[in-house]
Amino acid sequence: MLSYIHAYHAGNHADILKHLTISLILERLTQKTKPFTVFDTHSGSALYYLDDDRLKRTGEAESGILRLKTAVEKEESGELKKISESGYFSIASSFLKNGTYPGSPLIENHYLRPGDVQILSELHPQVFDELKSTFAQLKKDRTGSTEPQIHRRDGYEMLEALTPPEIKRGLAVIDPSFEDRSDFEKCGRTIAKIIKKWPVGIIALWYPLISHRSMEISEMKEMIAAAVRSEEPKILDVQLCVKKSEDMTGLASLYGSGMYIVNAPYQLDEELSTLLPALCETLKETEGSWSVEKR
C-alpha cells in the first residue's frame, strides 16, 4: 500500500520514542572507530515542516515534539534535563529552530563519519523525490556530510538483498506504516531471514500499539524471537503508551508504540529506563505507561 504519508504524523509520540532509541544506539556505535552500516527500510521524506497543513490537521507534532520542547524549556533541572541533554533532543532542537522536524534518515546521517555507510529505501514516488531533494540540499548546506545510497524499492526486499553488508557492524531501522495487516507478517518473516544472514547486526523495529492488532503484534514478535535462538536475552522490547488501550475504539486506535530491538547494545535498557518516565509523564494524553523488557 502506498497511501500512507508520514507528513501527517511527524514529531508525534511514536517518532520521539523511535528517534530517541535510534540515537542512543548510534551513539554506542560511534564509541568505536570501526565503521558501520545503517539501513533504513521505510525512509519517508526525511524532513517535515511544522507549518504543513497535513501536520496541523492532526495536531500530532503539537502534542508530541512541541509539547516536549515546551516542557524542557520550562524545567531547568529534574528528570527532563536528562532528555534535554540527549543527542536526540539536540538534533531535533536544531531543526525545530527552523520550523522543521527530522525524520530517521537525517538523525542517522548526523552520526555518520567518513567510512560509515547509509542505505535508504522509499517506494512511494512522491516521497522518494522528497527524500532525494532533502539530501541534495543537505549536501549543499553541510560540507562533508555522508551521502547516502537512496533506493526506490520495497524496503523488505532491499534489506534481504543487501544483507549482510560489506561493513558488517551496523544497524537496520525498520518502521513500516502497518496500515496493511500483512506488514506484521512481512516484518516477522524478513527479520527472521536477516538474523540468519546478518547475526551481528542490530535490528531496530518500530511497531504500533493498536488494540485490534494485538494478535498480529504477538505473532510477529514470536516469529522474530524464534529466529534468535539464544540462551541469553538478545531482544529488548520497549514501549511508550500515551493513552490507555481500553479507552481506544475503532480502527484509528493508536495508543502507543514500541521498539523491538535484536542485539541491543549493552546498557541500552538502563538508558531508556532513565529517560522514559519523564518522557511518558510529559507526553501522556490520559494515563501513560512505559516498559523496557529483555527477552
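Above this text is the structure in question.
What comes next concerns the included structure.

Thresholds applied
- Residues numbered from 1 in each chain as written.
- Predicted model: local features only at pLDDT ≥ 70, side-chain atom pairs only at ≥ 80, totals over all residues.
- Heavy atoms only, no water.
- Helix = DSSP H or I, 4+ residues; strand = E, 2+ residues; numbered from the N terminus.
- Rg over C-alpha atoms; globule rule 2.2 N^0.38 Å.
- Buried < 20%, exposed > 50% of the residue type's maximum accessible area, 1.4 Å probe, protein only.
- Areas by Shrake-Rupley, 256 points an atom, 1.4 Å probe, with all protein chains shown as cover.
- Lys, Arg positive; Asp, Glu negative; His and termini not counted.
- Charge placed at Lys NZ, Arg CZ, Asp CG, Glu CD.
- Pairing = 2+ DSSP bridges.
- Axes fitted to C-alpha atoms, helices over the stretch in contact; angles between N-to-C directions.
- Parallel < 35°, antiparallel > 145°, perpendicular 65-115°, else oblique.
- Left-handed = near helix turned anticlockwise from the far one by under 90°.
- Contact = heavy atoms within 4.5 Å.
- Polar contact = N/O pair within 3.5 Å; in protein donor to acceptor, adjacent residues only side chain to side chain.
- Salt bridge = Lys/Arg side-chain N within 4 Å of Asp/Glu carboxyl O.

Examining the overall build of the protein chain
Part 1: Counting its regular elements, the protein chain contains eleven helices and ten strands.
Part 2: The C-alpha radius of gyration computed for the protein chain amounts to 18 Å, which stays within 12% of the reference 19 Å derived for 295 residues, consistent with globular compactness.
Part 3: With the C-alpha coordinates of the protein chain rotated into their principal frame, the extents come out at 45 × 45 × 40 Å.
Part 4: Relative to its 295 residues, the protein chain shows a buried fraction of 52%.
Part 5: Of the roughly 13800 Å² of accessible surface on the protein chain, 49% is carried by carbon and sulfur atoms.
Part 6: For the protein chain, the distance from the average site of its 37 positive side-chain charges to the average site of its 44 negative ones is 4 Å.

Brief notes about the pairing of strand β6 (residues 170–174)
Part 1: The buried count for β6 comes to five of five residues, which makes it a mostly enclosed element.
Part 2: Neither face of β6 is open: one carries Gly170, Ala172 and Ile174, the other Leu171 and Val173, and all of them are buried.
Part 3: Across four bridges, the pairing between strand β1 (residues 37–40) and β6 is parallel. Looking across to β6, one finds that Asp40 is bridged to Val173.

Details of the packing of helix α3 (residues 65–74) against helix α11 (residues 268–283)
Part 1: Two elements in contact, α3 and α11, have axes separated by 10 Å at closest approach and are oriented at 110°. The orientation of α3 with respect to α11, classified from their angle, is roughly perpendicular. For α3 against α11, the interelement crossing comes out right-handed. Facing α3, whose interface residues are Arg67, Leu68 and Ala71, α11 presents Leu279, Thr282 and Leu283.

Considering the environment of Ser23
Part 1: Its location among the elements puts Ser23 in helix α1 (residues 13–29).
Part 2: In this structure, the C-alpha to C-alpha distance between Ser23 and Ser63, residues 40 residues apart in sequence, is 21 Å.
Part 3: Not counting residues within four places of it along the chain, the set of residues in contact with Ser23 comprises Tyr88, Ile107 and Tyr111.

Description of the pairing of strand β4 (residues 117–121)
Part 1: Counting buried positions over the five residues of β4 gives four, a clear majority of the element.
Part 2: Both β4 and strand β5 (residues 149–151) contribute to a ladder of three bridges, which runs parallel. Looking across to β5, one finds that Ser121 is bridged to His151.

Digging into the side chain of Lys221
Part 1: Its location among the elements puts Lys221 in helix α10 (residues 214–228).
Part 2: Engagement of the side chain of Lys221 in a polar contact is seen with the side chain of Tyr207, the distance being 2.9 Å.

As for the pattern of salt bridges
Part 1: The tally for this structure, following the rule as stated, stands at 21 salt bridges.
Part 2: Here Arg28 and Glu271 are joined by a salt bridge, their closest N and O atoms 2.9 Å apart. Linking Arg28 in helix α1 with Glu271 in helix α11, this pair joins segments that are 243 residues apart in sequence.
Part 3: One salt-bridge network, in which partners are shared between bridges, spans Lys221, Asp237, Glu293 and Arg295.

Quick look at the sheet that holds strand β7 (residues 202–210)
Part 1: Spatially, eight strands are ordered β5-β4-β1-β6-β7-β9-β8-β10 in an open sheet, and the strand pairing comes out mixed. The outermost strands of the open sheet, each flanked by one partner alone, are β5 and β10 (289–294). Strand-to-strand twist of the sheet, defined as the mean angle between neighbouring strand axes without regard to direction, takes the value 15°.
Part 2: Pairing of β6 with β7 involves four bridges; the strand directions are parallel. Bridge pairing in β7 places Ala172 opposite Ile203.
Part 3: Each of β8 (235–241), β9 (254–262) and β10 touches α11; the most contacted strand, β10, lies at about 170° to it.

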